[in-house]
Amino acid sequence: MTPHTDVRHADGTEASTSEVLLVEPSALSPARRITTTVLRSRELSIFLVLIAVTVVATLKNDSFLFSSDGWRNFLVNPSLLLLLAVGQAVVIITRNVDLSVGSIMALTAYLTGRLFIDQPGLPVVAVFALCILAGGVLGLVNGLLVAYFNVPALVITLGTLYIYRGIVLSWAGSDRINAGDLPSGFLALGNKAILTIPVLTIIALAVLAVVGYYLYTARGGREFYAIGSDPDAAVLYGLDVRRRVLAAFVLSGALAGLVGVLYTARYGTVSSGVGSGIELQAVAAVVIGGVAIFGGSGTVWGAAIGAFLLVTINRALPSLGIEDFWQRAVVGALILGAIVLDRVLANRQATKLAEAREMTA
Amino acid sequence: MTGTATTVLELRDVSKSFGPVIALRSGSLAVEAGSIHALVGENGAGKSTLVKVVAGVHRRDSGDFLLGGERVDFGSTSESKAAGVAVIYQEPTLFPDLSVTENIFMGRQLLGSGRRIDRAAMYAEAEALFERLGVDLDPRRPARGLSIADQQIIEIAKAISLDARLLIMDEPTAALSGVEVERLFAVARSLRDEGRALVFISHRFDEVFALCDTITVMRDGAYVATHLTEDTSSPAIVAEMVGREVADLFPKTPAQIGEPVLEVDGLQARGVFHDVSFTVHRGEIVGLAGLVGAGRSEIARAVFGVDGYDAGSVRMNGREIARRKPRAAIEAGMAFVPEDRRAQGLVTEASVARNVASVIRGGLARAGLITTGAENRAAGPWAGRLEVKTNALDMSARTMSGGNQQKVVIAKWLATEPDLLIIDEPTRGIDVGTKAEVHRLLSELAGQGMAILMISSELPEVLGMADRVLVVCEGRITADLPREDATPEAVMHAATRQLEVTG
């Protein structure tokens, strides 16, 4: 196939670059293909929204960004949700969903406190490892139930959401973990920064980078997309669908386990109600970030920016003097807008793709 | 049939059953390298099951399965793929969200350094593949929106990049236009000339004779004969495909044919069926014959009002029925037993009584409530009459055999006391004994003055049961044969007729 210098419609008018990118990407030069892809990406547009929200909030009150507290909050607050969103994105890409992450996070947050109280002298690294492992095991339970019982993940993880939360409630009771129970070195981790970048944020971005790189460059990563795009086709292709779905849930659980430790390090107090409802925020971040709710497309980069946007909006709106009702309404509108936009764009793209082939046929 | 050194695939007496249903009795096939081998037979002759055994979708129950002279036993599609078998289905299954190139290489992407996917190499190879196949497809575009012909080309590209030695194409031309068929054939011939073995399944005899070197005929799940294409003819193949006495199996008793019940006039749904007109009279069984995908079920669904249509009219007992209103059709006296009874006709989790009573619930309700007692009272006589073998009416319908499920669905509709029964594939997946019972029931109902429109892919069933046979081919009625003129040859001829002037 020879690259054309320009692409024309059947009626002679020149097709827009974004349209060519969709229906005949090879006709563009590599550089133009990359720039158009980036310019047209969902990731960039919500990133611009994030910048706009930040700028407006900062203009109103410059301590939103330019105080040491403001800067730290800007980076740290979204980091935990970002980690959950990364795991959730991988699960949703495979056409599943994990609603149990908030409960897993609560379990490992309390586990962190108990480990420090009951096993003094246990190194911090071991606590991290144990919590990630615990989260992974809980994720494995989700994955096994979904992969082998042929029940929608929505139902399975709704069930485990309550079961895992019930475990925390009966284990912790009215007991609380307080900052005084935790080693100071561990608590410092939650507030430490390297070159003004909080350690928590660095951890979150590192995880994001690894998962994002894996999804784009590894066979396993591409198979997540294939399974979400058409699960039946994935079986006919001979892909190991069960193993991949299992892996997605283990990853999501392990990241939720990690978030539990980081939560304890950041806030110092843990009660049995930690992380209630955060699973829906994670799903919202993923959807806003452009991951299709029925799987098969989207990136963890988008989900990460979505998490940042969601948290930043929640922090900016009160400082802009917007009432509580409208704060929630804005987030709701954002989610609905993202989903409607996805549908409209997907339908338009499908039509264009079909038309383009009919023209050449 | 004995294998030679160049025999790529050899199957001997392969069988496969699903529960009580025998899908493949004794399938045999020997395919040589560098040849295109046609596999023909009626719907339900076992071709697709045979293909699925080779592809590793199903595991055979017995028989020999040799690939390249070695015994094999595939438990999954990935195993057959690794052994060099590629199957191209009538409707390919691709990942719409992923690029054409990713679709070709999914699961075995080319890897660069550090086991990372090498996209540049994959695009280059995809381009080379498309160039070789002579198609202009952008390897970077998503698979969404591609025509079935393009999707098949991707499947073929996949097979070539796998270096498959055996390609099986299951009715690949069913949804293709003339130009696309030519392109596919050119590709198939060039693959043959490279020394690969191809199996081509088709109902279109002109294509079989134009493309294939050898023809194997199957019937009733068993091997019938293999011929070199130049030594045989289309009528001879048809005779072998049908070849059996049909009269005794299907006890149709003559019934008094009365006034018209259903009149369909000029029905059309763009791209699905065109200019469909027919009449069904009281006491008459009209068979709707044709190949799978010809549009028979679609016509039935439109008549009943499940699907819409663009033009034409449907009249019941002289009164016109509004389109897209199944409720109105039921009230006018229509009943519809769909093809996939598990999905469409039966609430398999519910009790027999509840299923039977479900369409007449309005009439059963006392002060808005329906009691189990009322349901059982209403269902009892019907289930009894159909000899549904369930221990109790509150037994869950799911645990019953296919034949009994079918009777429950029929009972469900008979409870509405219809004038017209539309029944799609009445005996699919039913054992022989129960088949005869369903046939006897249909015959009885016609005798009582009910009009019956029966869709069936089993030619003997249509010929044995129907007073009149309508043949559908590519969305048009190509023949209207009275019982005495309806020979297997006449029906097959009308069903495989290539309409030269299609729009």
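Structure shown above.
What you are looking at is a predicted structure, and each value in this text was computed from that prediction instead of being measured.

### Let's talk about the overall build of chain A
Now for step 1: Counting secondary structure elements, chain A contains 16 helices and two strands.
Now for step 2: For chain A, whose C-alpha radius of gyration is 22 Å, the value lies close to the compact-globule estimate of 21 Å for 361 residues.
Now for step 3: Expressed along its principal axes, the backbone C-alpha trace of chain A runs to roughly 75 × 55 × 35 Å.
Now for step 4: Each of the 361 residues in chain A was classed as buried or not, and the buried ones make up 44%.
Now for step 5: Intrachain contacts of chain A at a sequence separation of at least 6 include 76% that bridge at least 24 residues.

### A word on helix α8 (residues 234–242) of chain B
All names here are of chain B.
Now for step 1: Within α8, burial applies to Ile-237, Val-238 and Met-241. Taken end-on, α8 shows its buried residues confined to a sector of 100 degrees, consistent with a single buried face.
Now for step 2: Looking at the buried side of α8, the elements it contacts are β3 (35–40), α7 (205–211), β9 (214–219) and α18 (488–495).

### Structural notes on the environment of Arg-301 of chain B
Residue and element names in this part refer to chain B.
Now for step 1: One can find Arg-301 in helix α9 (residues 296–304).
Now for step 2: For the pair Arg-301 and Arg-324, spaced 23 residues apart in sequence, the C-alpha separation works out to 9.4 Å.
Now for step 3: Setting aside residues no more than four positions away along its own chain, Arg-301 makes contact with Val-306 and Asp-307.

### Digging into the pairing of strand β10 (residues 222–228) of chain B
Residue and element names in this part refer to chain B.
Now for step 1: Pairing of β9 with β10, which is carried by six bridges, proceeds in the antiparallel orientation. Note on β10: the bridge partner recorded for Thr-216 is Thr-226.
Now for step 2: In textbook terms, the turn of a hairpin is the stretch between consecutive antiparallel strands, and for β9 and β10 this stretch comprises two residues, one of which, Asp-220, has a positive phi near 50 degrees.

### Concerning the environment of Met-454 of chain B
Residues and elements named next belong to chain B.
Now for step 1: For Met-454, the position within the fold is in strand β18 (residues 451–455).
Now for step 2: Taking the C-beta count within 10 Å as the criterion, Met-454 has 27 such neighbours and is therefore assigned buried.
Now for step 3: Those residues in contact with Met-454 that sit more than four places away from it in its chain are Ile-285, Val-286, Gly-287, Leu-288, Ile-423, Pro-426, Leu-442, Met-465 and Ala-466.

Analysis parameters
Residues numbered from 1 in each chain as written. Chains lettered and ligands numbered in written order. Predicted model: local features only at pLDDT ≥ 70, side-chain atom pairs only at ≥ 80, totals over all residues. Helix = DSSP H or I, 4+ residues; strand = E, 2+ residues; numbered from the N terminus. Rg over C-alpha atoms; globule rule 2.2 N^0.38 Å. Buried ≥ 20, exposed ≤ 12 C-beta atoms within 10 Å, placed from the backbone. Contact = placed C-beta atoms within 7 Å. Arc of directions from axis to C-beta. Pairing = 2+ DSSP bridges.

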